[in-house]
Amino acid sequence: MEKAEVTAVIEKIEKEFGLFPYDFFRLLTDCENKGFDYESENKTWGYIKDEGWHDLNMDNYILWATTDNADLIWWNGERVIAMSPRSSEYMSIKIRPLNFIREISRGTITGIFPHDLWQENS
């Protein structure tokens, strides 16, 4: 996965939903705020890829968003993985990031996210 490809996808999501889709997700960009910076967050959370609580091969995944609940949203060009390290839960869906964000408001992707997220945005 190349940074340029992920950045282009993030820009498309930002155009449609803003930097904070549903006031819950935070898109990662090149910025001075470490908590929202693409490079900083990928370095900070990179250790999760090798954690023992999941059985995922995350070698090619790039972190492209986080949430207010400290969930991590990864993509490898084919699948989005949303994970909650604090509860050791994750979901893996064959979907592109823009469609992932769109489906949240429809309530078709629920999993680790709060129920009011899609109820408020539907």
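What comes next is a walk through the structure.

Reading the values: rules and limits
Residues numbered from 1 in each chain as written. Predicted model: local features only at pLDDT ≥ 70, side-chain atom pairs only at ≥ 80, totals over all residues. Heavy atoms only, no water. Buried < 20%, exposed > 50% of the residue type's maximum accessible area, 1.4 Å probe, protein only. Helix = DSSP H or I, 4+ residues; strand = E, 2+ residues; numbered from the N terminus. Pairing = 2+ DSSP bridges. Core = buried A, V, L, I, M, F, W, Y, C linked by side-chain atoms within 4.5 Å. Contact = heavy atoms within 4.5 Å. Phe/Tyr/Trp six-rings, centres within 6.5 Å; stacked < 30°, edge-to-face > 60°.

### Points about the pairing of strand E3 (residues 72-75)
Alternating residues of E3 divide into Leu-72 and Trp-74 and Ile-73 and Trp-75, and every residue in both groups is buried. Where strand E2 (residues 62-67) and E3 come together, 4 bridges link them in antiparallel fashion. Considered in E3, the bridge of Ala-65 is made with Ile-73. Count of turn residues in the E2/E3 antiparallel hairpin: 4 residues, of which Ala-70 carries a positive phi of about 65°. Where E3 lies against strand E4 (residues 80-84), 4 bridges are found, and the strand directions are antiparallel. Opposite Ile-73, over in E4, you have Ala-82 as the bridge partner. Hairpin remark: E3 followed by E4, antiparallel, with 4 residues in the connecting loop; positive phi at Gly-77, about 100°.

### A few points about the nonpolar core
One finds Phe-25, Trp-64, Ile-73, Trp-74, Phe-100 and Phe-113 to be the most contacted residues of the largest nonpolar core, which totals 37 residues. Elements with a contribution of two residues or more to this core: helix H1 (3-17), strand E1 (25-27), helix H2 (38-45), E2, E3, E4 and helix H3 (97-106). Each residue touching Phe-100, except ones within four places of it in the same chain, is listed here: Phe-25, Trp-64, Ile-73, Val-80, Ala-82, Ile-93, Ile-95, Ile-109 and Phe-113.

### Comments concerning the packing of aromatic side chains
Summed over the entire model, instances satisfying the criterion amount to 11 aromatic pairs. Ring plane angle 70° and centroid distance 5.4 Å describe the contact between Phe-25 and Phe-113, whose orientation is recorded as edge-to-face. Placement of the pair is Phe-25 in strand E1 and Phe-113 in the loop between H3 and helix H4 (115-121), with a sequence separation of 88 residues. Here Phe-25 falls in the buried class, since its relative accessible area comes to 0%. The interplanar angle of 50° and the centroid separation of 6.5 Å between the aromatic rings of Trp-53 and Tyr-90 together place this pair among those described as tilted.

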